[in-house]
Amino acid sequence: MTRTTPPRPYDVEALFPALAEYRRTATRLHPRPGDPKSRDSSVAGPMLWPADEPWPECTAVHPKETGHLLADVRRARRIHAASEGRQKTEEETALLATLQAGSHDLAIGDADPIPMLAVAQLWARDIPDLAGPEGHDLLQIFWCPFEVHGPDRSVDVFLKWRRSDDIGAVLGEQPEPVVVGSPECVPQPCEVHPEQITEHEYLGLLPEDLRESIAEWEEELLDENEEEAEADFPTEYAGGLSLAPGWKVGGFATWHLTDPRPVDCAVCGTSMPPLLTAHYVEWDPASESWAPREDVRPDLFRHVITPTGVYLGRGSLRIHTCPADPFHPHRLSFQ
Ligand SMILES: [Zn+2]
Ligand SMILES: [Zn+2]
């Protein structure tokens, strides 16, 4: 099923023609729990991975004994999904309590390598904003299921760009970590429903005069709609007009929790736009106008609003790649 983002409540470029210079496209992935196949674009679906190539591993030391068993994370999610929209039974509540992190007797040590999690497989044919190296039509994204790596103490992401024609025999059973640092690192397998939309630069990165014009216009709107203003801000540039929430490829980065920070390539200095944004919610009350028409279904709350179950940083992880050479090392940013 396709997903259709409704038109923005206001045409910002008609209101502020100077915004045309700050326009960029993004492809919303619209992940929804499902059963993706290895030839599909997906979140956490099976990868089209060559049988003769080693699966990516993390070799950092992690406190594995006190992590969550991946099987328990999945079991807890099945209980949540089955009980959606109703009170959980005593039995379900008791079972969920036993599926928390604990001390596990594992056959692996803290320093033993673990397979990375398959996070996303993205085909250029499905995702118009997937800007990769020339001739490469497939991107495979992995991360370690423990969050703390290196001096930044952050997630370790691995990107693999491929020419799909070069893939011979495909790996059958794919390795998985037995244990993960937190359930929020584990993406739920989702089919994606890519849709290209238009975004505009984050408010705080626009020139000052443009920012001021937008602020004046927003104030006028609030004066006109005093009652609505109390409830939420459906007309606000930041929430409703400029940047789409949820998982997306391309577009702009929001910096609403920190000051904007430049993300430049460590090799060539080129400014790196976000390639993938993994945002916890597909929309929230402040960004509700981005809810696709097909999904206005309150009975499907968890599957639609937080389909992937991933919560990194303070809700949003971004993978930035170098537009001059996508093989230059990627960088991450968080909000
Ligand atoms: Zn790791
Ligand atoms: Zn570069």
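Read on for an overview of the structure. Just so you know, these numbers come straight off a predicted model, no measurement behind them.

About the thresholds
- Residues numbered from 1 in each chain as written.
- Chains lettered and ligands numbered in written order.
- Predicted model: local features only at pLDDT ≥ 70, side-chain atom pairs only at ≥ 80, totals over all residues.
- Heavy atoms only, no water.
- Disulfide = S-S within 2.5 Å.
- Buried < 20%, exposed > 50% of the residue type's maximum accessible area, 1.4 Å probe, protein only.
- Donors = N, O, S within 2.8 Å, 3.2 Å for Na, K, Ca; no water.
- Helix = DSSP H or I, 4+ residues; strand = E, 2+ residues; numbered from the N terminus.
- Pairing = 2+ DSSP bridges.
- Axes fitted to C-alpha atoms, helices over the stretch in contact; angles between N-to-C directions.
- Contact = heavy atoms within 4.5 Å.
- Tetrahedral: all angles 85-135°; square planar, octahedral: opposite > 155°, others 65-115°.
- Patch = residues over 30% accessible without salt bridge, like charges linked within 9 Å, V, L, I, M, F, W, Y side chains within 5 Å.
- Areas by Shrake-Rupley, 256 points an atom, 1.4 Å probe, with all protein chains shown as cover.
- Salt bridge = Lys/Arg side-chain N within 4 Å of Asp/Glu carboxyl O.
- Lys, Arg positive; Asp, Glu negative; His and termini not counted.
- Charge placed at Lys NZ, Arg CZ, Asp CG, Glu CD.
- Phe/Tyr/Trp six-rings, centres within 6.5 Å; stacked < 30°, edge-to-face > 60°.
- Lys NZ or Arg CZ within 6 Å of the ring centre and 35° of its normal.

## Topic: the state of the cysteines
Then step 1. By the definition in use, this model includes zero disulfides.
Then step 2. Here Cys 190 is not disulfide-linked; the sulfur of Cys 185 is the nearest cysteine sulfur, at 16 Å.
Then step 3. Given the relative accessible area of 0%, Cys 190 is considered buried.

## Here's the deal with the coordination of the zinc ion (ligand 2)
Then step 1. Protein coordination at the zinc ion (ligand 2) comes from Cys 265 (SG), Cys 268 (SG), Cys 322 (SG) and His 328 (ND1), with a distance range of 2.1 to 2.3 Å.
Then step 2. Motif for the zinc ion (ligand 2), donor spacing along one chain: C-x2-C-x53-C-x5-H. Remark: His 328 occurs in the loop between strand E15 (316–320) and strand E16 (331–334) and Cys 268 occurs in the loop between strand E13 (248–250) and strand E14 (274–279); sequence separation between them is 60 residues.

## Some points on the sheet that holds strand E12 (residues 195–200)
Then step 1. The six strands lie next to each other as E12-E1-E13-E14-E15-E16, forming an open sheet whose pairing is antiparallel. Two strands close off the open sheet at either side, each with one partner strand: E12 and E16. Direction aside, neighbouring strands of the sheet carry axes that sit 25 degrees apart on average.

## Considerations on the environment of Leu 106
Then step 1. Its place among the elements puts Leu 106 in the loop between helix H3 (90–98) and strand E6 (114–115).
Then step 2. Setting aside chain neighbours within four positions, we find Leu 106 in contact with Lys 64, Glu 65, Leu 69, Val 178 and Val 179.

## Comments concerning the coordination of the zinc ion (ligand 1)
Then step 1. Taken together, the protein donors to the zinc ion (ligand 1) comprise Cys 58 (SG), His 62 (NE2), Cys 144 (SG) and His 149 (NE2), at separations of 2.0 to 2.2 Å.
Then step 2. Each of the four donor atoms around the zinc ion (ligand 1) contributes to a set of angles spanning 100 to 114 degrees, which defines the coordination as tetrahedral.

## Regarding a negative patch on the surface
Then step 1. On the surface, a cluster of negative charge is made up of Glu 208, Asp 209, Glu 212, Glu 216, Glu 219, Glu 220, Asp 223 and Glu 224.
Then step 2. Examined against the element boundaries, Asp 223 turns out to sit in helix H4 (residues 208–224).
Then step 3. Taking the relative accessible area as the measure of exposure, Asp 223 reaches 57% and is therefore exposed.

## Observations regarding the packing of aromatic side chains
Then step 1. Summed over all chains, the structure comprises seven aromatic pairs.
Then step 2. Ring geometry for Tyr 10 and Trp 217: centres 5.1 Å apart, planes at 90 degrees, overall edge-to-face. Residue Tyr 10 is located in the segment before helix H1 (12–15), and its partner Trp 217 is located in helix H4; the two are separated by 207 residues in the primary sequence.
Then step 3. Using a relative accessible area of 28% as the deciding quantity, one classes Tyr 10 as partly exposed.
Then step 4. A relative accessible area of 12% places Trp 217 in the buried class.
Then step 5. Ring geometry for Trp 55 against Phe 142: centres 5.2 Å apart, planes inclined by 90 degrees, an arrangement best described as edge-to-face. Placement of the pair is Trp 55 in the loop between strand E3 (42–43) and strand E4 (57–58) and Phe 142 in strand E8 (residues 138–143), with a sequence separation of 87 residues. When sorted by exposure, Trp 55 lands in the same class as Phe 142, which is buried.
Then step 6. The lysine or arginine in question, Arg 8, covers the ring of Trp 290, its NZ or CZ lying 3.7 Å from the ring centre.
Then step 7. The cationic tip of Arg 318 hangs over the ring face of Trp 255; the distance from NZ or CZ to the ring centre is 4.6 Å.

## Description of the pattern of salt bridges
Then step 1. Inspection of every chain in the model, using the stated rule, returns nine salt bridges.
Then step 2. For Arg 3, the salt bridge is made with Asp 295, and the minimal N-O distance between the two is 2.8 Å. Of the two residues, Arg 3 sits in the segment before H1 while Asp 295 sits in the loop between E14 and helix H7 (301–305), which places them 292 residues apart along the sequence. The burial state of Arg 3 is the same as that of Asp 295; both residues are buried.
Then step 3. The residue Glu 13 makes a salt bridge to Arg 23 at a minimum N-O spacing of 2.6 Å. Linking Glu 13 in helix H1 with Arg 23 in strand E1 (residues 23–28), this pair joins segments that are ten residues apart in sequence.
Then step 4. Exposure remark for Arg 23: the relative accessible area of 44% places this residue in the partly exposed category.
Then step 5. Taken together, the salt bridges that share partners define one network made up of Arg 3, Arg 32 and Asp 295.

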